[in-house]
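Coordinate analysis (summary)
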Amino acid sequence: MLKRLPVLLCACLCLTLSLPASAFFGWFKDTYTETRYPIVLVHGLFGFDSLLGVDYFYGVPGELQRSGARVFVAQVAAANSTEVRGEQLARQVEAILATTGAQKVNLIGHSHGGPTIRYVASVYPHMVASASSVAGVNWGAPMADILQGVSDHIPLGDDVINGLGNTLAGLINLLSGGGAQQDVSAAMKSLTTADTLRFNGLYPEGMPSRYCGTGQEVGSNGVRYYSWSGGRTLTNLLDVTDPFMAALSVVFLGEKNDGLVSSCSSHLGKIIRDDYRMNHLDEVNQAFGLRDIFETSPVTVFRQQANRLKNLGL
């Protein structure tokens, strides 16, 4: 009873002063993710903001908003080069800053969204407080290398890959209400090992000096860099996408990966973790929230990162 006394006294005070209930409950508002700057979520290859009512970052925006964050979900090309996607994102960030009056944003990008946010942070550091990469392709993806090899050396390989890829990207773009031009060939090249090394040379902030190393938390541009990723493929028997992730993982030849990106390739800035029991889709709480029940919820990981940024004054 004594433990409840302060709450009861507050309630009685509200009643005595005829204050609305919102005044009482406002004192106990959840501000766990109330960052200083808005959070902008950025999807990966063949991604979207929302497709037929299903969020790419499934359940994440709502949970971040519930505890105080201002959240925006970017819509860049489902498939195009990192630089093209980066410029598209930069224009959206400019609009967000104009709308909210904020000075900067906190960028969080998944998969190809990782290099995309790195581009914006490097070219437009005055607009970015932090860049958090979730399973970002920061050191190339073996599957992109394989597809690029097929495109370069097998007759009609390029036509087939581009035809199928651009059709899929165009359909995603149409159903998600986007208007960006799609270029699967440019996207695939951007994700190869060779091109990511070129990209890293131009935009090195936050990148480790060696594969599987650790980068600086605060880049030379003043932006804070973070990363996390999964290291499993089969995580939930009910998830029909898990076997697909497991099949794709064979190209890593035993290296720890999430099905599409190796744990080492995901490293950027301060590494939160690179071994969550999550595959590439689990990291954004797909499919439909099915994941390893013995691992931290992906939504919780996003909430923890938002709280980390909040505590840093970002």
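Everything quoted here is computed from the prediction, not taken from an experiment.

Brief notes about the sheet that holds strand S7 (residues 224-230)
- Spatially, the 6 strands line up as an open sheet ordered S4-S1-S5-S6-S7-S8, and their pairing is parallel. With one partner strand each, in any of the chains shown, strand S4 (71-73) and strand S8 (270-276) form the two edges of the open sheet. Neighbouring strand axes in the sheet, compared pairwise and without regard to direction, differ in orientation by 15° on average.
- Contacting strand S1 (39-42), strand S5 (105-110), strand S6 (128-134) and S7, helix H5 (residues 113-123) runs over the sheet at an angle of about 150° to S5.
- The strands touched by helix H11 (residues 298-311) are S1, S5, S6, S7 and S8; relative to S7, the strand with the most contacts, the crossing angle is about 165°.

Concerning a nonpolar patch on the surface
- A cluster of nonpolar side chains, contributed by Leu52, Leu171, Leu174 and Leu175, occupies part of the molecular surface with about 430 Å² of accessible area.
- In this structure, Leu171 sits in helix H7 (residues 157-175).
- By relative accessible area, which is 45% here, Leu171 ends up partly exposed.

A look at the state of the cysteines
- All chains considered together, the criterion is met by 1 disulfide.
- The disulfide partner of Cys212 is Cys264, and the gap between their sulfur atoms is 1.9 Å. One disulfide, between Cys212 and Cys264, carries an S-S torsion of -45° and so falls in the left-handed class. Taken together, the positions of Cys212 in the loop between helix H9 (193-202) and S7 and Cys264 in the loop between helix H10 (242-248) and S8 put the pair 52 residues apart, joining distant regions of the chain.

Digging into the pairing of S1
- Side chains Ile39 and Leu41 of S1 all project onto a buried face; the interleaved residues Val40 and Val42 project onto the opposite face, where all are buried too.
- Sheet topology note: the S1/S4 ladder contains 3 bridges and is parallel. If you follow Leu41 over to S4, its bridge partner there is Val73.
- Bridging between S1 and S5 involves 4 bridges; their strand directions are parallel. Bridge pairing in S5 links Val40 to Leu107.

With respect to unusual backbone geometry
- Of note, the amide linkage connecting Gln286 to Ala287 takes the cis form, showing an omega dihedral of 0°.
- Mapped onto the fold, Ala287 is located in the loop between S8 and H11.
- The backbone of Leu52 shows a phi angle near 55°, a positive value even though the residue is not glycine.
- Position of Leu52 relative to the elements: it lies in the loop between strand S2 (50-51) and strand S3 (54-55).
- Its relative accessible area of 67% is what places Leu52 among the exposed residues.
- The backbone phi angle of Leu253 is positive, close to 50°, even though this residue is not glycine.
- Inspection of the secondary structure assignment puts Leu253 in the loop between H10 and S8.

Criteria and thresholds
Residues numbered from 1 in each chain as written. Predicted model: local features only at pLDDT ≥ 70, side-chain atom pairs only at ≥ 80, totals over all residues. Heavy atoms only, no water. Pairing = 2+ DSSP bridges. Helix = DSSP H or I, 4+ residues; strand = E, 2+ residues; numbered from the N terminus. Axes fitted to C-alpha atoms, helices over the stretch in contact; angles between N-to-C directions. Contact = heavy atoms within 4.5 Å. Patch = residues over 30% accessible without salt bridge, like charges linked within 9 Å, V, L, I, M, F, W, Y side chains within 5 Å. Areas by Shrake-Rupley, 256 points an atom, 1.4 Å probe, with all protein chains shown as cover. Salt bridge = Lys/Arg side-chain N within 4 Å of Asp/Glu carboxyl O. Buried < 20%, exposed > 50% of the residue type's maximum accessible area, 1.4 Å probe, protein only. Disulfide = S-S within 2.5 Å.

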